[in-house]
Amino acid sequence: MKGKIALITGSAKGLGKMTALSLADQGCDIALNYVHSRAEAELLQAQIIAKGVRCIAVQADISNIEEIHALVGAVEAQLGPIDILVNNAGPFVRERRVFADYAEAEVQMLVQGNLLGPMILDQLVLPEMRRKQWGRIIHFGFSHAGEARSWPHRAVYAAAKVGLVSFTKTLAVEEAPYGITVNMVCPGDIRGANKEKTIQEIAGIPDKETPRGRPGSGEDIARVITYLCLDHSDFITGNIMDVSGGLDPIRPTI
């Protein structure tokens, strides 16, 4: 994928960071995105440039439409048209609350950042992807999002992501004639520092909750995304892919 330009939102840390590193190893030029983690983004930028590819870091909040437009404009001006878009960023309220206890501003923020933001980003990159007859769009969901089940205390986040499931499938059908694939990757319960670890680093660590028997790692997610972005992965589109080691985070096994 040498010379392909990849924008990964929310990529200064965590799963976005591991995805950026993986795509850089494939020869992609990388556009990092962050909101507050400037120091981490700049450190990662230097690490990626050392791999022999171009890399920029752009501050933008995916919940803000104006900043989304500015983000795409900056990437196109500094690197060129976007070939690969990984919609990793998405706000999340960690405190568990029933829907009635959410503030209206929180509802708007969660829907804007997890559904409308990715939709607008997709719309902005589609014209150039169509012109090139090639493109890869990746959305992020949560494990079992494709089943549209209830998720108590996560009502707004779950609703936004499930809406993105339908959009993923529809956009995949609409854009397939243009050589553009659209898929969703749904990570399992990958926690804390494990988001930036390789499979080798977590191998041998027991995890009794996960049927696979080990914790998930950032590499587990990044390698799936990288595979979906390969040229010969063009027959894989409209899929909602759980990468969870068999764990159901909503109704975990006992």
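Quick note: structure is the one above.
Residues numbered from 1 in each chain as written. Predicted model: local features only at pLDDT ≥ 70, side-chain atom pairs only at ≥ 80, totals over all residues. Heavy atoms only, no water.

Concerning the overall build of the chain
Phase 1 of the analysis: Across its full length, the chain holds seven helices and seven strands.
Phase 2 of the analysis: The order of α-helices and β-strands along the chain, N terminus first, is β-α-β-α-β-α-β-α-β-α-β-α-α-β.
Phase 3 of the analysis: Here the C-alpha atoms of the chain give a radius of gyration of 17 Å, agreeing with the 18 Å that 2.2 N^0.38 yields for 254 residues.
Phase 4 of the analysis: The 254 residues of the chain split such that 50% are buried. (Helix = DSSP H or I, 4+ residues; strand = E, 2+ residues; numbered from the N terminus. Rg over C-alpha atoms; globule rule 2.2 N^0.38 Å. Buried < 20%, exposed > 50% of the residue type's maximum accessible area, 1.4 Å probe, protein only.)

So, the sheet that holds strand S5 (residues 135–140)
Phase 1 of the analysis: The sheet built from seven strands is open, its strands ordered S3-S2-S1-S4-S5-S6-S7 with parallel pairing. At either end of the open sheet lies a strand with only one pairing partner, and these are strand S3 (55–59) and strand S7 (240–243). Here the strands of the sheet are splayed against their neighbours by 20° on average, with no regard to which way each runs.
Phase 2 of the analysis: Relative to strand S2 (residues 29–34), strand S1 (residues 5–8) runs parallel, the two sharing four bridges. Looking at S2, one finds that Ile8 is bridged to Leu32. (Pairing = 2+ DSSP bridges. Axes fitted to C-alpha atoms, helices over the stretch in contact; angles between N-to-C directions.)

Thoughts on the nonpolar core
What tends to happen in soluble globular proteins is that the nonpolar side chains get buried as a cluster.
Phase 1 of the analysis: If you look at the biggest cluster of nonpolar residues, it comprises 38 residues, and the most contacted ones within it are Leu7, Leu71, Val75, Ile82, Leu121, Ile137 and Phe142.
Phase 2 of the analysis: Looking at this core, the elements that each hand over two or more residues are S1, S3, helix H3 (65–78), helix H4 (104–132), helix H5 (155–175) and strand S6 (180–187).
Phase 3 of the analysis: Among residues more than four places away in sequence, those in contact with Ile82 are Ile5, Leu7, Val72, Val75, Val125 and Met129.
Phase 4 of the analysis: Counting 30 residues, the second largest nonpolar core, distinct from the first, contains Leu15, Leu44, Ile84 and Val224. (Core = buried A, V, L, I, M, F, W, Y, C linked by side-chain atoms within 4.5 Å. Contact = heavy atoms within 4.5 Å.)

Overview of the environment of Lys2
Phase 1 of the analysis: Within the element layout of this structure, Lys2 appears in the segment before S1.
Phase 2 of the analysis: We classify Lys2 as exposed; its relative accessible area is 79%.
Phase 3 of the analysis: Along the backbone, Lys2 and Cys28 are 26 residues apart, and their C-alpha atoms lie at a distance of 5.3 Å.
Phase 4 of the analysis: Excluding residues within four positions of it along the chain, Lys2 makes contact with Gln26 and Gly27.

Quick look at the pattern of salt bridges
Phase 1 of the analysis: On inspection of all chains with the given rule, the structure shows 14 salt bridges.
Phase 2 of the analysis: Arg130 is the salt-bridge partner of Glu175, the closest N and O atoms lying 2.9 Å from each other. One end of the pair, Glu175, is in helix H5; the other, Arg130, is in helix H4, and 45 residues separate them in sequence.
Phase 3 of the analysis: Look at Glu175 and you get buried, because its relative accessible area is 2%.
Phase 4 of the analysis: Residues Arg191 and Glu209 are paired through a salt bridge, measuring 3.2 Å at the closest nitrogen-oxygen approach. Separated by 18 residues along the polypeptide, Arg191 in the loop between S6 and helix H6 (199–202) and Glu209 in the loop between H6 and helix H7 (218–229) bring together distant segments of the chain. (Salt bridge = Lys/Arg side-chain N within 4 Å of Asp/Glu carboxyl O.)

Thoughts on the pairing of S1
Phase 1 of the analysis: A two-sided burial pattern is seen for S1, the buried positions comprising Ile5 and Leu7 on one face and Ala6 and Ile8 on the other.
Phase 2 of the analysis: This β-α-β element, S1 to helix H1 (residues 14–25) to S2, shows right-handed connectivity.
Phase 3 of the analysis: For S1 and strand S4 (residues 84–87), the ladder comprises three bridges, and the chain directions are parallel. Considered in S4, the bridge of Ile8 is made with Val86. (Right-handed = clockwise from strand over helix to strand, strands pointing away.)

Examining unusual backbone geometry
Phase 1 of the analysis: Look at Gln133: it is not a glycine, yet its phi comes out positive at around 60°.
Phase 2 of the analysis: The class for Gln133 is partly exposed, based on a relative accessible area of 43%.
Phase 3 of the analysis: Even without a glycine there, the phi angle at His153 is positive, about 75°.
Phase 4 of the analysis: Relative to the elements of secondary structure, His153 occurs in the loop between S5 and H5.
Phase 5 of the analysis: Exposure remark for His153: the relative accessible area of 34% places this residue in the partly exposed category.

Quick look at H1
Phase 1 of the analysis: Taking 1.5 Å of rise per residue, the twelve residues of H1 would be expected to cover 16 Å, and the 17 Å separating its terminal C-alpha atoms lies within 8% of that figure.
Phase 2 of the analysis: What H1 keeps buried is the set Gly14, Leu15, Gly16, Met18, Thr19, Ala20, Leu21, Ser22, Leu23 and Ala24.
Phase 3 of the analysis: Looking one or two places after H1, you find Gly27, whose phi comes out positive at around 100°. (Expected span 1.5 Å × (residues − 1).)

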